[in-house]
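This is what each chain is made of:
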Amino acid sequence: MSNGVSNGVARSDLQWKVGLINTAGKYLTAESFGFKINVSGTSLKKKQTFLLEQDALEEVVYIRGHTGRYLSADKYGNVTCEAEERDQSEKFAVEYDKNGSGRWAFKNVAHGNYLSGNEDNFKCFAKTVAENELWVVQLSIHPQVNLRNVNRKRYAHLKDEELQVTEIIPWGREALIILHFDNGKYALKTFDNRFLNRDGSLSPELSNDGRYTLEIRSGANSGLAFKDCTGTYLTAVGATATMKGRNKTVSKDELFTLEDSCPQVILTSLANNKKVSIRQGVDVTANQDEAEDTDKEIFQMELVVPPTEETPGKWGFRTVDNTYWTQEPLGGIQSTARDRSNLNTQFVVEWLGDGTVAIKANNGHYIQSRQTGQLVGVSDVVTNKEKFYVKIINRPLLLLKNEHGFVGLKAAGKAEVQCSKTNYEIIYLEPSNDGHYFIKGSNNKYWRLSEDASILSDSETPVPFLLEPKGSTILTIKGPNGCLIKGEHNGLFRAVGQEVDATMLWEY
């Protein structure tokens, strides 16, 4: 994830994946060939995506295009995207619109000029900031994130009807924050679709009190700041660390980083229909009838070793106590590991295509649920003792995205679902008890398959789909016909895929 922190690993200098929109509503575009730059993009696709790389020492950014090369400007105002290294001509200072619009100006440090332009006339020649030099900055990331305060080193989560920055680990759906882009500004939304206002209250409707402009800070303390309509910045206030606007200057207290939100799951053993838990101590045991409010039955799946064509991926299972599953010498599974580096903390998850998984330990044996519920890696075959239902619990709202755009209804009043929308659309996820999911569109109708296997959101009755995480933020969706949902550049969204490829992978 290029927006702060990825999978819990911090960078020495933060990167923010963005699109830059000029005053005419067009996106800055880096062409794939010839290092040419123009401002002609009509939507945020690959060529319109840039990385703003912050400097760990200076209050500057470097702008890197999708080709991996940097924007640079010469003294004549010419701009190219061909520099392979960061140097003086690639440094830009960020200034913010004094009128509070939230737009940014980029000043080339070497020559003192500002980026501006439209269509093919893109220059870095202006000496002062006017309308043409101001850019809307749109984050080009998945909107569902975890939000971490730089100073407190804690995460925001919904508690007592407030967003409180008190969690050491972002746990459950309460820690899921939706970044809502609205006319150049951002709102912060909780998992239950409520907006954070500057006074700390939450409301179902978005008002001016819930709109924030983004600012970044580089140097020793890098991060993102949210400025409200009165000019104060969001921070964590008081003993409850409630998020609200308070100070007119930015310190570590007002800085946040964004992190990927990994899948958090509840596992149910088919052998005894009990939920896997660590409630009884360090032993990982399938012995609970219900997932109580202790969070001891929730496990975060973190991809440790990505899959290759030859080898499957390996996952770590993190607990709410910030420990990981590990296999003990006699085969038993315990939650005693402090990190995921030991091979005994890494497991292969095999999705069996029916809503269940089998989990293989490092010794090459499948984890089996014994009569007592104890989990041990001793089996060479997969029977019901080795099968577990998986329920993703931190995605009550699903926002699906691929390289073509977001998934949503083709148009208001239409039932067709497509995958090329510019803005996210809320999709409602209802997990069943057998590993399947029922999916509702923003029109509150269930997804179903049409005769040509395209997806329609018009059913009154639930239809089962399968979601299978393939990475920390990537999944596949299998339709009731047994085929994977495939996205195409023209927006087609159909369950026609057989072997997994990039067109069937969805950010969620």
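The structure displayed is predicted, hence computed values, not measured ones.

**Some points on the overall build of the chain**
Logical step 1: When helices and strands are counted, the chain shows zero helices and 51 strands.
Logical step 2: Since a compact globule built from 508 residues should have a radius of gyration of about 23 Å, the 24 Å found for the chain is in line with a globular shape.
Logical step 3: When the backbone C-alpha atoms are referred to their principal axes, the chain occupies close to 75 × 55 × 45 Å.
Logical step 4: Taken over 508 residues, the chain has a buried fraction of 55%.
Logical step 5: Of the accessible surface of the chain, which amounts to about 21,300 Å², a share of 46% is contributed by carbon and sulfur atoms.
Logical step 6: Here the chain contributes 59 positively and 65 negatively charged side chains, and the mean placements of these two sets differ by 2 Å.

**Overview of the packing of aromatic side chains**
Logical step 1: This structure, assessed with the given rule, holds 13 aromatic pairs.
Logical step 2: Plain terms: the ring middles of Tyr 62 and Tyr 70 are 6.5 Å apart, the flat faces sit at 75° to each other, and that makes the pair edge-to-face. There is no split in this pair, since Tyr 62 and Tyr 70 are both buried.
Logical step 3: Ring geometry for Tyr 96 versus Trp 104: centroids 5.4 Å apart, planes at 90°, classification edge-to-face.
Logical step 4: A network of ring pairs unites the aromatic residues Phe 299, Phe 317, Trp 325 and Phe 347 as a single cluster.
Logical step 5: The cationic tip of Lys 401 hangs over the ring face of Phe 406; the distance from NZ or CZ to the ring centre is 5.8 Å.

**Considering the state of the cysteines**
Logical step 1: Using the criterion set out here, one finds zero disulfides in the structure.
Logical step 2: Take Cys 483: it sits in no disulfide, and the sulfur closest to it among the cysteines is that of Cys 419, at 16 Å.
Logical step 3: Taking the relative accessible area as the measure of exposure, Cys 483 reaches 12% and is therefore buried.

**Section: the pairing of strand β38 (residues 388–392)**
In regular strands, side chains alternate between the two faces of the sheet.
Logical step 1: Burial along β38 is one-sided: Phe 388, Val 390 and Ile 392 are buried, while Tyr 389 and Lys 391, pointing the other way, are not.
Logical step 2: Strand direction decides the pairing type here: strand β27 (residues 264–269) and β38, joined by five bridges, are antiparallel. Directly across from Leu 267, in β38, lies its bridge partner Val 390.
Logical step 3: Bridge analysis of strand β35 (residues 356–360) against β38 gives two bridges, and the strand direction is antiparallel. Paired with Val 357 across the strands is Phe 388, a residue of β38.

**Comments concerning the UniProt feature "domain: Fascin-like" (unreviewed entry) in the chain**
Logical step 1: Per the UniProt entry, the sites bearing "domain: Fascin-like" (unreviewed entry) are residues 25–136, 146–258, 272–389 and 412–508 in this numbering.
Logical step 2: Helix makes up 0% of residues 25–136 and strand 44%, and the two end C-alpha atoms of the span are 9 Å apart.
Logical step 3: Span residues 412–508 is 0% helix and 46% strand, its end C-alpha atoms 23 Å apart.

**Comments concerning the pattern of salt bridges**
Logical step 1: A full pass over the atoms with the stated rule returns 28 salt bridges.
Logical step 2: Ionic pairing is found between Arg 194 and Glu 161, a salt bridge with its closest N-O pair at 2.6 Å. In this pair, Arg 194 sits in the loop between β19 (185–189) and β20 (195–196) while Glu 161 sits in the loop between β16 (154–159) and β17 (162–167), placing the two residues 33 residues apart along the sequence.
Logical step 3: Overall, Arg 194 belongs to the buried group, its relative accessible area being 15%.
Logical step 4: Residue Glu 161 is classed as exposed on the basis of its relative accessible area of 52%.
Logical step 5: The shortest N-O distance in the salt bridge between Asp 289 and Lys 274 comes to 2.6 Å. With Asp 289 in the loop between β29 (285–288) and β30 (299–305) and Lys 274 in the loop between β27 and β28 (275–277), this pair connects stretches of sequence that are 15 residues apart.
Logical step 6: Take Asp 289: its relative accessible area is 51%, and that puts it in the exposed class.
Logical step 7: Its relative accessible area of 24% is what places Lys 274 among the partly exposed residues.
Logical step 8: Put simply, Glu 53, Arg 64 and Arg 86 are held in one network by salt bridges that share partners.

**Digging into unusual backbone geometry**
Residues apart from glycine generally show negative phi values, whereas peptide bonds are mostly found in trans.
Logical step 1: Residues other than glycine seldom take positive phi values, yet Asn 183 does so here, at roughly 50°.
Logical step 2: By the secondary structure assignment, Asn 183 is in the loop between β18 (177–182) and β19.
Logical step 3: Taking relative accessible area as the criterion, Asn 183 reaches 75% and is therefore assigned exposed.
Logical step 4: For Ala 241, which is not glycine, the phi dihedral falls at a positive 55°.
Logical step 5: Mapped onto the secondary structure, Ala 241 falls in the loop between β24 (233–237) and β25 (242–247).
Logical step 6: Ala 241 gets classed as buried once you look at its relative accessible area, which sits at 0%.

Conventions and cut-offs
Residues numbered from 1 in each chain as written. Predicted model: local features only at pLDDT ≥ 70, side-chain atom pairs only at ≥ 80, totals over all residues. Heavy atoms only, no water. Helix = DSSP H or I, 4+ residues; strand = E, 2+ residues; numbered from the N terminus. Rg over C-alpha atoms; globule rule 2.2 N^0.38 Å. Buried < 20%, exposed > 50% of the residue type's maximum accessible area, 1.4 Å probe, protein only. Areas by Shrake-Rupley, 256 points an atom, 1.4 Å probe, with all protein chains shown as cover. Lys, Arg positive; Asp, Glu negative; His and termini not counted. Charge placed at Lys NZ, Arg CZ, Asp CG, Glu CD. Phe/Tyr/Trp six-rings, centres within 6.5 Å; stacked < 30°, edge-to-face > 60°. Lys NZ or Arg CZ within 6 Å of the ring centre and 35° of its normal. Disulfide = S-S within 2.5 Å. Pairing = 2+ DSSP bridges. UniProt positions renumbered as here; feature names shortened; annotations may be inferred. Salt bridge = Lys/Arg side-chain N within 4 Å of Asp/Glu carboxyl O.

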